[in-house]
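The lines below spell out each chain.
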Amino acid sequence: MKSGDIVRCEYGGTSRKGTYITSRNGMSVIKLDSGYNIGIPPQSCSSVERPVIEPGKKLELVQDKNLPELAIVSTGGTIASRIDYRTGSVTSQSDAAAILHAIPELKKVANFTTRSLYTILSENMTPRIWQELARAVFEEIQRGVTGVIVTHGTDTMTYTAAALSFMIDTPVPIILVGSQRSADRPSSDNAMNAVCAARAARSDLGEVAVVMHASTNDDACSIHRGTRVRKMHTSQRDAFRSIGIPPIGTVAYPSLEVKLSCDAARRNSCKPALHDKLDERCALIAFHPGISPDILEAYERYHGIVLSGTGLGHVCTELIPNLKKLIDNGTTIMMTSQCLNGKVCDRVYDTGRDLLEAGVIEGGDMLPEVALVKMMWVLGNEKDKGRVRHLLLTDLKGECNRRRTHG
Amino acid sequence: MAEGPRLTAGIEIHQQLNTKEKLFCHCPTTLREVTEHSGEFFRYLRATESEIGEIDRAAKEEMKRDRKFQYYTYDTTCLVENDEEPPAPMNSEALSVCLTIAKMFGMTPIPQIHTMRKLVIDGSNTSGFQRTAFVALNGCLPNGGQIETICLEEEAAQRVKDDLFSLDRLGIPLVEITTSPCMHTPEEVQQVAEYIGMVLRSTGKVKRGIGTIRQDVNISITGGARVEIKGVQELGLIAEVVRREMLRQQNLIAIHDELVCRGASVDANDGTDITDLFRETKSTVLKKAKRIHAIRLGGFTGLVGRTIQPDRRLGSEMSDYAKKCGVGGIFHTDELPAYGVTQEEVDRLRTRMHAAEGDCIVLVAGATDRQVECALGQVVTRAKIAMSAMPVPEETRKMVEEGSTAYMRPLPGAARMYPETDVLPEVIDEVRWNCIEVPELLNEKASRYAEKYAIDLSYATQLVSSKRLPVFERAIEEGIKPKLAAFTLLSTSTELRREGIKIQNVADEAFIGILHAVEEGRAAREAIPDLIRSAAEGCSVEGAIAKLAPSVSREELEAIVRKIIESRSDFIREKGKAALGPLMGVVMAEVRGSVDGKLVSETLRKGIDARLADT
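Visitor: Which parts of the structure should I look at to understand the state of the cysteines?
Guide: In a disulfide, the sulfur atoms of two cysteines are held together by a covalent bond. One pass over the full model with this rule turns up one disulfide over all chains. Residue Cys325 of chain B pairs covalently with Cys374 of chain B via a disulfide, S to S 2.0 Å. Because the torsion about its S-S bond is -70 degrees, the bridge between Cys325 of chain B and Cys374 of chain B counts as left-handed. Of this pair, Cys325 of chain B sits in the loop between α6 (314–323) and β19 (330–332) while Cys374 of chain B sits in helix α8 (residues 369–387), and the two are 49 residues apart along the sequence. Classification of Cys374 of chain B by relative accessible area gives partly exposed; the value is 23%. The thiol of Cys282 of chain A is unpaired, and the distance to the nearest cysteine sulfur, on Cys400 of chain A, comes to 16 Å. Left without a disulfide partner, Cys151 of chain B is nearest to the cysteine sulfur of Cys98 of chain B, which lies 7.8 Å away.

Visitor: For this particular structure, what's the right way to read the packing of helix α12 (residues 469–477) of chain B against helix α14 (residues 508–519) of chain B?
Guide: Packed helix pairs are specified by the crossing angle of their axes together with the interaxial distance, meaning the distance between the axes. Residues and elements named next belong to chain B. α14 packs onto α12 with a crossing angle of 35 degrees between their chain directions and a minimal axis gap of 10 Å. Two packed elements cross with a definite hand, and for α12 against α14 that hand is right-handed. Between α12, through Val471, Arg474 and Ala475, and α14, the contact on the second element is made entirely by Asp508, Glu509, Phe511, Ile512 and Leu515. Tallied by class, the residues present in the contact of α12 with α14 amount to five nonpolar, no polar and three charged.

Visitor: Just checking my understanding: could you explain the environment of Lys287 of chain B for this structure?
Guide: Residues and elements named next belong to chain B. As for its position among the elements, Lys287 is in helix α5 (residues 284–288). We classify Lys287 as partly exposed; its relative accessible area is 49%. Taking C-alpha positions, Lys287 is 101 Å from Glu574, a pair spaced 287 residues apart along the chain. Other than its neighbours up to four places away in sequence, Lys287 contacts Phe278, Arg279, Glu280 and Thr281.

Visitor: Could you clarify how one ought to interpret the pattern of salt bridges in this entry?
Guide: Side chains bearing opposite charge may pair, as long as their charged atoms lie close to each other. All names here are of chain B. Taken as a whole and judged by the stated rule, the model has 70 salt bridges over all chains. Among the salt bridges present, the one from Arg243 reaches Glu187, with a minimum N-O distance of 3.3 Å. Placement of the pair is Arg243 in helix α4 (residues 238–262) and Glu187 in helix α3 (residues 186–202), with a sequence separation of 56 residues. Take Arg243: its relative accessible area is 39%, and that puts it in the partly exposed class. Using a relative accessible area of 41% as the deciding quantity, one classes Glu187 as partly exposed. Taking the shortest distance from any N to any O, the salt bridge between Lys577 and Asp609 comes out at 3.1 Å. With Lys577 in the loop between α18 (569–575) and α19 (580–591) and Asp609 in helix α20 (residues 597–614), the pair connects residues that are 32 residues apart, well separated along the chain.

Visitor: What's the story with the environment of Ile223 of chain A in this structure? I'm lost.
Guide: All names here are of chain A. Along the polypeptide, Ile223 turns up in strand β14 (residues 220–225). Under the relative-accessibility criterion, Ile223 is labelled buried at 0%. Between the alpha carbons of Ile223 and Thr19 there is a distance of 45 Å; along the sequence they are 204 residues apart. Setting aside residues no more than four positions away along its own chain, Ile223 makes contact with Ala200, Leu205, Ala209, Val210, Val211, Pro247, Ile248, Gly249, Thr250, Val251, Val258 and Leu260.

Thresholds, definitions, all that
- Residues numbered from 1 in each chain as written.
- Chains lettered and ligands numbered in written order.
- Predicted model: local features only at pLDDT ≥ 70, side-chain atom pairs only at ≥ 80, totals over all residues.
- Heavy atoms only, no water.
- Disulfide = S-S within 2.5 Å.
- Helix = DSSP H or I, 4+ residues; strand = E, 2+ residues; numbered from the N terminus.
- Buried < 20%, exposed > 50% of the residue type's maximum accessible area, 1.4 Å probe, protein only.
- Axes fitted to C-alpha atoms, helices over the stretch in contact; angles between N-to-C directions.
- Left-handed = near helix turned anticlockwise from the far one by under 90°.
- Contact = heavy atoms within 4.5 Å.
- Nonpolar A, V, L, I, M, F, W, Y, C, P; charged D, E, K, R; others polar.
- Salt bridge = Lys/Arg side-chain N within 4 Å of Asp/Glu carboxyl O.

Laid out in structure tokens, this is it:
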């Protein structure tokens, strides 16, 4: 039997018609005419008809050419997910045209060109895909679009946001957007997030940002700086939070009124440039009590390591000789904190001083994941140790705050 | 002789289950007072395509208006109800109850149960769908009919007002039992509903009280169409609902015949903006309206206003359709002049609309052109249905006062179902199925009680359908005399309720405590009503006994009896065993009614016997 076959099911003394969907754990999954799916033994189903599958209607897009042009670059994720009959779970399947078809309100905000780069879940992202994405986005910027929207799975969206921040000097908004609740549910946050993202991509912003729900209500989206944002909840709509700074703006819904903070980089404040080199031989290591120093042996050939340490930026004393050995062999090591909020300071306690002595660089108030991406970018573009250290300590794209206000 | 229209009806019964936790999260199944809500949020809902790429017709219709909904949360609800977290696996207690019910009807379980999302975007589900799973099929009914399916679903949120919902009820497990269209008289529908209700209660695992069981009735008559009527809460009304639906369908068919005979016609392009005609009107609704549009229904005069069911006309149906666009309703010339609209205004309207004598004009008033055009489109749709070869549309309807019905939405189709990808299928293999124990049916239990405890069958029937049945069963198990327990739980309780005592406040524990006290002789049978009264006021059982019937222990009783026998030994010698009667009164006065009469008489008899043996 093939998916889509009309079948007759003789089961439990009844005979019903349905559509064969798939085989799952030894049972045939049948969609009955009532719409219910049931799993019954294969021998109780017989195919009666194989309907001719009509080629799917080509989705036609009628757009208002008078509106500003935005490019949608899609990579997949929940904002464009559908059921996969192979596993019965949700996977990314739709392309950018499908997004416009599903969210017709987008067409009132802008005139879109779409580019489907990948259809993957964001846990399958790689630095190599970030680079390819950066090139695609940069091409769109050079083409002269008003802004770029990148649809992305939410799990690693903040890594990609940081990667694009470092790789592209952008005069226009580059907005990453996704959804926390799958697009196939009437309550999905995809439509509101996408419309708010489109509005932000038209705004006066001039940097890479993540636009997602600000609260559990459907009343506003926050605009987060690409280097200061973190996913802070597994499932809630308002999972994305700016850490260490307030969001750099908001988009109200449904009015779509955009407010940008004074701190937000404005449109056309730099010339477009692409620096797409990354050094992938970098790692992020989370310290925990009891960690074995020999774990560092696995990182011997790494060029860069970001440590996610405790409190002000510590690892246990036992680890320090091994770190020093790595540094002496040419590995760049930077310290960040698991606290996420606040700045690393290794001058307060002995352990910290020993770390500095060993050559560990303080990562300021950079988020650990952002520090990792920055490490890849810096090492990709610079070989000189002194310059590397200087770049890591310098605020390049809003990733380090010189001043930390309270809160 | 011509046969009357043949009725075919089936029912869907929705029964809430009394499980510890909800169906897809670990929240309790407790209903809350709206005033206890601890938070609120709001969302918009939008129709989504099914996995076969269609939008369900019922959902499409709901999309005609703005879908902004507000929700109340409680300290007994969680992120799952808020649609902020994936659901937990299906509650296995609920699944077991559902399987038990399936087994009681002799059904066959589905070996691999798939949870589906049933699209419902009226706001009653935060997610926009109701999770539901097809659990078993093909059971039998005593009338020879069939139970087609049993599904396990989650309950929807309770509407507080308009678009405001309360999340306490959302997610309570619910079984949905669907019968085949096997009933042919209104009375039969009612009997089947009652039978199914009895089977459900036999599990002892269903919620009781208003709103915990709901009946939907599917009705079709020859020449008519299948109609699903939602929310028939009182069993007693089912027969009337069915009778009125038959009447409605017959009248719609008659109206159709008349329309065909008159050569009726409707042109959707005839919609006209007539806002200016009512600038100076005395009708408050029309004066207030920003836009008023009208349509001419050729040949409809007298028929739009014709009654099809008590308090319902064809115009009411058109009005229900129009309301889907957010307008308050419609006006039509069959009912005008009225509502502040004058004859003169009607005349001007007819002239403007080029209405001939047999034409009916329908007016729609609203806030925007878009809203009014949408509503007028709905009126045209409904008018065209009335003229078509299928003049009774397939619809989901809701019950209004006294058994008439109003249009809710089109019958949903298969496109409303989408797999719930966040819940894994449940496997029902032979081992699981064989583990399910079938409880005794309540009607069988009643016969058994009647026989075993020598109580009247009708009394036993009342007992088994009482909410306090578990108390009765526990009391028997703990050695309380069946008649005492039954009498206390039924007759005494009913009498007290009629007195205005809040019997529902008396905990099961309190009843058990009172029964034990009586059984053990710590309180007299006669004191039961007073003890229950105290318990209803929140008094503890022991406290009530101490207050109302200071306890007299067996030893104390024996001492009292000894004393009385001692002081009246001459009288006993003279009267022999016959002394019992007169001495009873003396002892009872002494113990102030706090010892059961039976125990007193027994103790006294033993004492007298012993005294007589001594002499």
